[in-house]
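# Inside the fold
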Protein chains: 2
Amino acid sequence: MTVRRPTISDLAREAGVSRSTASRALTGRGYVATPVRERVVAAADRLGYVPDAVARSLRVRSTRAIGVLISDLRNPFYADVATAVERHLRSRGYHIIVANSDGLDEEERAAATVFTASRVAGVIVAPVSPIARRLIDAGVTVVEIDRQMVAGACDAVLLENAAGAEAATAHLLELGHRRIGLLLGEMNWTTGPERLAGYRAALERFGVPFDDRLLQEAPHAPGGENQTSLLLDRCSDVTAIFATNNLMAEEALGEIQRRGLAIPRDLSLVAFDDISWMSILTPGVTAVAQPTAEIGRAAADLLLERLNGERTGDPVVVRLDPSLVVRGSTAPPPA
Amino acid sequence: MTVRRPTISDLAREAGVSRSTASRALTGRGYVATPVRERVVAAADRLGYVPDAVARSLRVRSTRAIGVLISDLRNPFYADVATAVERHLRSRGYHIIVANSDGLDEEERAAATVFTASRVAGVIVAPVSPIARRLIDAGVTVVEIDRQMVAGACDAVLLENAAGAEAATAHLLELGHRRIGLLLGEMNWTTGPERLAGYRAALERFGVPFDDRLLQEAPHAPGGENQTSLLLDRCSDVTAIFATNNLMAEEALGEIQRRGLAIPRDLSLVAFDDISWMSILTPGVTAVAQPTAEIGRAAADLLLERLNGERTGDPVVVRLDPSLVVRGSTAPPPA
DNA sequence: CTGTTAGCGCGTTCAA
DNA sequence: TTGAACGCGCTAACAG
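Cut-off values and rules
Residues numbered from 1 in each chain as written. Chains lettered and ligands numbered in written order. Predicted model: local features only at pLDDT ≥ 70, side-chain atom pairs only at ≥ 80, totals over all residues. Helix = DSSP H or I, 4+ residues; strand = E, 2+ residues; numbered from the N terminus. Expected span 1.5 Å × (residues − 1). Buried ≥ 20, exposed ≤ 12 C-beta atoms within 10 Å, placed from the backbone. Domains from an automatic or database assignment. Core = buried A, V, L, I, M, F, W, Y, C linked by C-beta atoms within 7 Å. Contact = placed C-beta atoms within 7 Å. Nonpolar A, V, L, I, M, F, W, Y, C, P; charged D, E, K, R; others polar. Pairing = 2+ DSSP bridges. Near = placed C-beta within 6 Å. Least-squares fit on C-alpha atoms with pLDDT ≥ 70 in both.

Looking now at helix α8 (residues 161-174) of chain B. All names here are of chain B. With 14 residues, α8 ought to run about 20 Å at 1.5 Å a step, and its terminal C-alpha atoms sit 20 Å apart, in line with that. Among the residues making up α8, those that are buried are Asn-161, Ala-162, Gly-164, Ala-165, Glu-166, Ala-168, Thr-169, His-171 and Leu-172. One or two steps after α8, the chain reaches Gly-176, where phi turns positive at roughly 110°.

Under the domain assignment, chain A is made up of domain 1 (8-49), domain 2 (61-159 + 292-320) and domain 3 (161-291). Averaged C-alpha coordinates put domain 1 of chain A and domain 3 of chain A at centres separated by 62 Å.

The next point concerns the nonpolar core. Counting 180 residues, the largest nonpolar core has Ile-66, Phe-242 and Ala-299 of chain A together with Ile-66, Phe-242 and Ala-299 of chain B as the members making the most contacts within it. Residue contacts for Ala-299 of chain A: discarding those within four places in its chain leaves Val-85, Ile-124, Val-143, Ile-145 and Val-157 of chain A. In this structure, Ala-15, Val-17, Val-32 and Val-40 of chain B belong to the second largest nonpolar core, which totals eleven residues.

This next bit is on the interface of chain B and chain A. Opposite the 45 residues of chain B that make contact, chain A presents 45 residues. Of all the elements in the fold, those that place two or more residues in the side of chain B that touches chain A are α4 (53-60), α5 (76-91), β2 (95-100), α6 (105-117) and α11 (246-258) of chain B. Element by element, the count of residues in the side of chain B that touches chain A is highest for α5 of chain B, at eight residues. A breakdown of the residues in the side of chain B that touches chain A according to their chemical character gives 22 nonpolar, 14 polar and nine charged. Relative to β2 of chain B, strand β2 (residues 95-100) of chain A is paired through three bridges, and the arrangement is antiparallel. The partner of Val-98 of chain A across the bridge, within β2 of chain B, is Ile-96 of chain B.

So, on to the protein's contact with DNA strand D. For DNA strand D, the set of nearby residues contains 26 residues, the closest of which are Ser-18 and Ser-20 of chain A together with Thr-7, Ile-8 and Ser-23 of chain B. Looking at the surface near DNA strand D, the elements with two or more residues in it are α2 (19-27) and α4 (53-60) of chain A together with α2 (19-27) and α4 of chain B. Ranked by residues supplied to the surface near DNA strand D, first place goes to α4 of chain B with five residues. Taken together, the residues that form the surface near DNA strand D break down as eleven nonpolar, eight polar and seven charged.

The next point concerns the relation of the copies chain B and chain A. The operation relating chain B to chain A is a screw motion whose rotation component is 180°, with 0.1 Å of axial translation and a residual RMSD of 0.1 Å. Considering both components of the superposition, the chain copies are consistent with a two-fold axis. Closest to the rotation axis within chain B is the C-alpha of Ile-97 of chain B, separated from it by 2.2 Å. When the interface residues of chain B are mapped onto chain A, 100% of them again lie at the interface, so the same face is used by both copies.

Here we take up the protein's contact with DNA strand C. Around DNA strand C sit 29 residues in total, of which Thr-7, Ile-8, Ser-20 and Ala-55 of chain A together with Thr-21 of chain B are the nearest. Among the residues forming the surface near DNA strand C, the class breakdown is eleven nonpolar, nine polar and nine charged.

All names here are of chain B. Looking at chain direction, strand β9 (residues 268-272) and strand β10 (residues 286-289) are connected through three bridges and run parallel. Counterpart to Phe-272 in the pairing with β10 is Val-288. Sheet topology places β10 next to strand β12 (residues 323-325); three bridges connect them, and they run antiparallel. For Ala-287, the partnering residue across the bridge sits in β12 and is Val-325.

Cis geometry is adopted by the peptide bond preceding Pro-264 of chain A, which originates at Ile-263 of chain A and carries an omega value of 0°. Position of Pro-264 of chain A relative to the elements: it lies in the loop between α11 (246-258) and β9 (268-272). If you check the backbone angles, Arg-61 of chain B has positive phi at about 60° while not being a glycine. Within the secondary structure layout, Arg-61 of chain B lies in the loop between α4 and β1 (65-70). Looking at Arg-61 of chain B, the number of C-beta atoms within 10 Å reads 10, which means it is exposed. Positive phi outside glycine occurs at Asp-146 of chain B, with the angle close to 70°. One can find Asp-146 of chain B in the loop between β4 (141-145) and β5 (155-159).

Set out below in structure tokens:
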């Protein structure tokens, strides 16, 4: 059951050298005669010796672990980003400790404590609170993704939310829509306003007045009513809906079906996040696609640059461009 | 930048006690006078002291980390399971190191090395190779989920695959289908045969002969052709398709649309895995729902029981029941 | 009940 | 080029 794993002492004995020589041979730091090195390496895989990362970390005072704190791992958008982060970090010799905050402040704090206790080298977080501040104060390098809660305090990878929302809205306006309902999500504390700004910018560009009755924000009371339903009840003249994330798009579709409305005949729909099911539906859902793999990669790169000291100084914000994928869910409004 | 984190020596000095007393006060092991304990605790959060998990692990010779090795984290089924695992383990004081194998043996081996080096307390794996064997040999406690590649060597949490497939097939047979195409996936090395067995069992129960031309297995050549297409080309009399995982269901839907076929009028469809989009589609997709949260919880429980020594001896296999969710994608075959 | 001592496994001085 | 000695931060024996 409890196997005693070989230590570097065992290895040294097996190779007939001292522990420090064995260490140098494997880490590649310091002088070691070539034949000696080969002898040590041979002994290592004969024994199946794997250096104890715990002891090594204690000695070196740093780990190869990166904390990844996600607000909703079940959401395909974040699952994609997290997967990209893992892949990229792994290729650079790091592993990730994943925590799901479920959008809760207290879970973020708990995760942050685990991260600092584990002495992670850095953290990548899709935050719902200014948790990065705590981490930074504890000496941890942080990169925020998707949302920015401590602007100016750490690097961040964000989407050009306004541009994406403007493109989506303009697309609807070009088709002739003038009454476009906007579904704003719950956790969109920074993305929400930006996407709203893009929506307004498009309206302005087309000379269409902004009507805040078309704006459906998340109900503050939890256990929430269906937002799409609230919107449609309030504004019966809506001809298109812009859902600012994939969860709201899902909800909107459900409500539209329940009401027996047809897309795009009765109502057009545009979504943020190009999730796989959006291309499966008939008609497909027109969507603002986020470059999830690039987001993950960029976040990992930003973090590693800091850790390696390749970049110091002021925080950097990388803004990635979304792209509008037009499908069948958008068409001219009913006459 | 580099903040020197307070150590237990700092804490001891601040509280005016020895290091070991401070340790006992925080860990709660061994005697400590109540007023002393309070003094230490007060000093701890005055200093923002967080015990160094690395040093602690080295001393205690065990960590609170669990390795979670998933074959495809982007697949909603696994994302759901992983999230459940994380939630459950976190509540018990563990954190998870996540690795995505992408279905590749070599990635599994790499992850296993990272896990053993990190001295994880245990591993939960959705395997594509007998990687559990290596881990067990290295003294790591392992639980296999979804698939079993080293049966008898470690605990496992599996689905009643045959029962699920039989229910789905029987549902189609009851509707009158007699020519039911079966799409078998790639990585279904253990789930595939079981699901096939369920399919055959249902046929037998209804007195319908088995025709292996209706069986479409994953093409061995990678870069593969569309399996649904191959099936439909080969058997033009197919009236229903049973896709044995959500990815194949997605592929099937795409092909069905490309061919201009209507569901369920021309073709019925049943899927394994009840992913969120299946209830969004019109018609909704009839699906065999897996209890993802229970799978994750059960795996975590099995692992923790072993780690805590609450259970020893022969490996246990937990078999969870799927449920058939009937939606609009299944109907009697065309006359 | 508390403090002193020892050592987990490793990498890194510093002499030889 | 190698080995001996030290200590990373912590907890478990053991005395007191």
